[in-house]
Amino acid sequence: MRDLLQYVACFFAFFSAGFLVVATWTDCWMVNADDSLEVSTKCRGLWWECVTNAFDGIRTCDEYDSILAEHSLKLVVTRALMITADILAGFGFITLLLGLDCVKFLPDEPYIKVRISFVAGTTLLIAGAPGIIGSVWYAVDVYVERSSLVLHNIFLGIQYKFGWSCWLGMAGSLGCFLAGAILTCCLYLFKDVGPERSYPYSTRKAYSTTAVSMPRSHAIPRTQTAKMYAVDTRV
């Protein structure tokens, strides 16, 4: 059961880390809505903006200014949160690979695999937090901006909604939460199931005490017999 949970968590961790990385470095966090009067598809990402012509399919991209230039708070904070999530998710996935039973890493250490898996699960849980915060905050900001324009009857010719990159960020974050929960909670419940199950300390102590007391009980008759034999020899 423990091996199955590790492989399931590894599956979710792999795709979650991939989703977060793809979401961070793609350009479709915002896409023009269907009701906008545009003949092209405009996508805005965290690093550049791309326009795809609806007739000939030609795609052109413009990068934003330098990272040191002034940007909106939404853009800067989302960048920082997603990069943090990428690093933590990647580290958690690599740590999880070392914790798999099929990987020969520190085989002489008892229960080291369970501890490594627990560390990986904790890292993945932490990685999901900045990812979901950045993705949801960006999506909510786009929705609020569009709703405020509609509420005040302001039409600028183009309206945006959050795109598939934002959805990937949310999916990757939820996957990190799921993988981390499996490794920290479920795996901990099944850590004593299997041939390597550890027995309670009281049982081991009772067994060791019995094993030690038996030689002592046999040693006493042998010692008394030896003394009697020595006395008879002197007489």
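Residues numbered from 1 in each chain as written. Predicted model: local features only at pLDDT ≥ 70, side-chain atom pairs only at ≥ 80, totals over all residues. Heavy atoms only, no water.

Test applied: UniProt positions are given in the numbering used here, feature names are shortened, and annotations may be inferred rather than shown by experiment.
The name given to the protein chain in an unreviewed UniProt entry is Claudin, and the organism recorded there is Bos taurus. As stated in UniProt under Sequence similarities (unreviewed entry), the record for the protein chain gives "Belongs to the claudin family."

**Observations concerning the overall build of the protein chain**
The cut-off we apply is this: Secondary structure follows DSSP: runs of H or I at least 4 residues long count as helices, runs of E at least 2 residues long count as strands, and numbering of each begins at the N terminus. Throughout this description, buried means an accessible area under 20% of the type-specific maximum (1.4 Å probe, protein chains only), exposed means over 50%, and partly exposed covers the range between. Under the convention used here, a 1.4 Å probe and the Shrake-Rupley method define accessible areas, while residue burial counts only the protein chains that appear.
In terms of helices and strands, the protein chain carries 5 helices and 5 strands. Listing every helix and strand of the protein chain by position from the N terminus yields α-β-β-β-β-α-α-β-α-α. When the 235 residues of the protein chain are sorted by exposure, 34% land in the buried category. Carbon together with sulfur atoms contributes 68% to the accessible area of the protein chain, which is approximately 14,800 Å² in total.

**Looking at the nonpolar core**
Within soluble globular proteins, side chains that are nonpolar generally end up buried alongside one another. For clarity, the threshold we go by: Working definition of a nonpolar core: buried Ala, Val, Leu, Ile, Met, Phe, Trp, Tyr and Cys residues. They are joined through side-chain atoms within 4.5 Å. We call two residues in contact whenever any of their non-hydrogen atoms come within 4.5 Å of each other.
Formed by 33 residues in total, the largest nonpolar core has its most connected members in Trp 29, Leu 46 and Leu 96. Of all the secondary-structure elements, those providing two or more residues to this core are α1 (2-24), α2 (73-99), α3 (112-151) and α4 (164-189). Those residues in contact with Leu 96 that lie beyond four places of it in its chain are Ala 9, Cys 10, Ala 13, Ser 117, Ala 120 and Leu 183.

**Some thoughts on the packing of aromatic side chains**
Inclusion rule: For Phe, Tyr and Trp, rings pair up if their centres lie within 6.5 Å, where Trp contributes its six-membered ring, and each pair is then called stacked (planes under 30 degrees apart), edge-to-face (over 60) or tilted (otherwise).
Inspection of the entire model under this criterion finds 8 aromatic pairs. Judged by centre distance (5.6 Å) and plane angle (50 degrees), the ring pair of Phe 14 and Phe 93 falls under tilted. Taken together, the residues span a long stretch of sequence, with Phe 14 in helix α1 and Phe 93 in helix α2 at a distance of 79 residues. On the numbers, 4.9 Å between centres and 10 degrees between planes, the contact of Trp 25 with Trp 47 is stacked. Pair noted here: Trp 25 is in the loop between α1 and β1 (30-32) and Trp 47 is in the loop between β2 (40-44) and β3 (48-53), with a separation of 22 residues, a long-range link. Of the residues examined, Trp 25 reaches a relative accessible area of 44% and is grouped as partly exposed.

**Let's talk about the environment of Gly 18**
Structurally, the position occupied by Gly 18 is in helix α1. Through-space distance from the C-alpha of Gly 18 to that of Asp 86 is 8.5 Å; in sequence the pair is 68 residues apart.

**A word on the side chain of Ser 173**
For the record, the criterion: The definition of a polar contact used here is a pair of N or O atoms within 3.5 Å, where within protein one atom must be able to donate a hydrogen and the other to accept one, and adjacent residues in sequence count solely through side-chain atom pairs.
Among the structural elements, Ser 173 can be located in helix α4. Within the structure, the side chain of Ser 173 is placed 3.4 Å from the backbone oxygen of Gly 131, a separation counted as a polar contact. Aside from chain neighbours lying at most four places away, what touches Ser 173 is Leu 20, Gly 128, Gly 131 and Ile 132.

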